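Structural description and commentary
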Amino acid sequence: MSDSTKSMMNKICVVTGATSGIGLETAKSLALKGAFVIVVGRNKKKCSATVKQIRQLTEASLVDYVCADLSDLKQVYHLAKILKEKYDRIDVLVNNAGAYFKSQRYESVDGYEMTFALNYLSPFLLTSLLIDLLKESDQGRIINVSSDAHYKGTIQLDDLQSKQGYNGFNAYAQSKLALVLFTYELARRLKSTNITVNALHPGLVATNFGKNNGWLRFYIRRLVMRNEIKASEGSTTSIYLATSPDVANITGSYFIDEKQVKSSEDSYDQKLATQLWEVGEILTNIPT
Ligand SMILES: NC(=O)c1ccc[n+]([C@@H]2O[C@H](COP(=O)([O-])OP(=O)(O)OC[C@H]3O[C@@H](n4cnc5c(N)ncnc54)[C@H](OP(=O)(O)O)[C@@H]3O)[C@@H](O)[C@H]2O)c1
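Residues numbered from 1 in each chain as written. Predicted model: local features only at pLDDT ≥ 70, side-chain atom pairs only at ≥ 80, totals over all residues. Heavy atoms only, no water.

Of the volumes computed, that of the largest pocket is approximately 1300 Å³. Around the largest pocket, the lining is made up of 49 residues, and of these Gly98, Ala99, Tyr100, Phe209 and Gly210 lie nearest the centre. Class assignment for the residues of the lining of the largest pocket results in 20 nonpolar, 20 polar and nine charged. The volume enclosed by the second largest pocket comes to roughly 310 Å³. Around the second largest pocket sit 15 residues that line it, and Ser128, Leu129, Ile131, Trp277 and Ile286 are the ones nearest its centre. Elements represented by at least two residues in the lining of the second largest pocket include exactly α4 (114-135), α5 (168-189) and α9 (270-284). Counting residues per element, the lining of the second largest pocket draws most heavily on α4, at six residues. Among the residues making up the lining of the second largest pocket, the classes are represented as eight nonpolar, two polar and five charged. (1 Å grid on protein atoms, 1.4 Å probe; cavity = no way out; pocket = protein on both sides within 12 Å on 5 of 7 lines; lining within 4 Å. Points joined across faces, edges and corners; volume = space filled by probe spheres on them. Nonpolar A, V, L, I, M, F, W, Y, C, P; charged D, E, K, R; others polar. Helix = DSSP H or I, 4+ residues; strand = E, 2+ residues; numbered from the N terminus.)

See below:
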């Protein structure tokens, strides 16, 4: 690869959920562009296999991993601690890890509904804990992988944990709307800093997404969803937001196919964003 394509040389990029699908393709592409990539995954074997794959691909050892189950807030705190001990700066944080729990309500070890814990509280907490490292970058970028499911989401402030009747899609849509609200609120709070924060929908992508809901359902979906794109295509907007000079000064936006688009009406509700932020602080026990 020629030097001109190595536009991310000397950049330190953290990608959560980098052991599969969109996150794996994002991590590979950032490494190919010369970045030092930190793979975050919950499975040690999968993390080392990912690191090996990236090393072979790039013929360089510009890759590391940290293992953490991101649905467990203690592990998110520990992950941030390790990153702070090992690195004095982060240039790009891609909050990509996420899942959908279709028919059953699970609880995280902290007693929170699993979708809300993994898709929302975890990136909320991790980002908050890493802000100081992102401030050390010349131009820090935070990329939140949301979903077009957020358009159908509502924030149930009186039942964020879906205790009053569980519907997997509603829980997923709520978590992804919460992530967009967080993106916009964080952009407002970081206005006078060198950090940008944006959210995106990756498209309908053929990955391991949904496999946790049963193999049969997963393969039926695969057969029905013939319009799914490959994970490499599904990662293009994440990579664009992480690397392109075109978006160096764009913050607080929602992207599909590398283009800024309008997100749901609720996502622009500043009062709701502040309320959600305050609840997030309490639930994650962030020191103020
Ligand atoms: N695929 C789509 O059509 C689609 C559409 C819209 C939005 N998205 C979003 O795109 C993101 C990536 O999903 P994907 O499609 O690439 O799915 P995927 O192939 O299932 O990848 C999800 C990644 O998240 C990791 N992960 C899951 N639970 C975790 C936990 N508790 N702790 C740490 N890591 C965990 C997975 O780790 P393992 O490898 O160990 O499972 C995997 O690396 C998600 O946020 C998803 O909501 C996907």
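It is worth spelling out the packing of helix α1 (residues 21-32) against helix α8 (residues 236-243) at this point. Viewed as axis vectors pointing N to C, α1 and α8 meet at an angle of 40 degrees, and their least axial separation amounts to 9 Å. One finds that α1 runs oblique with respect to α8. Classified by chirality, the crossing of α8 by α1 is right-handed. Where α1 abuts α8, its residues Ile22, Glu25, Thr26, Ser29 and Leu30 lie against Ser238, Ile239, Ala242 and Thr243. Broken down by class, the residue content of the contact of α1 with α8 amounts to four nonpolar, four polar and one charged. (Axes fitted to C-alpha atoms, helices over the stretch in contact; angles between N-to-C directions. Parallel < 35°, antiparallel > 145°, perpendicular 65-115°, else oblique. Left-handed = near helix turned anticlockwise from the far one by under 90°. Contact = heavy atoms within 4.5 Å.)

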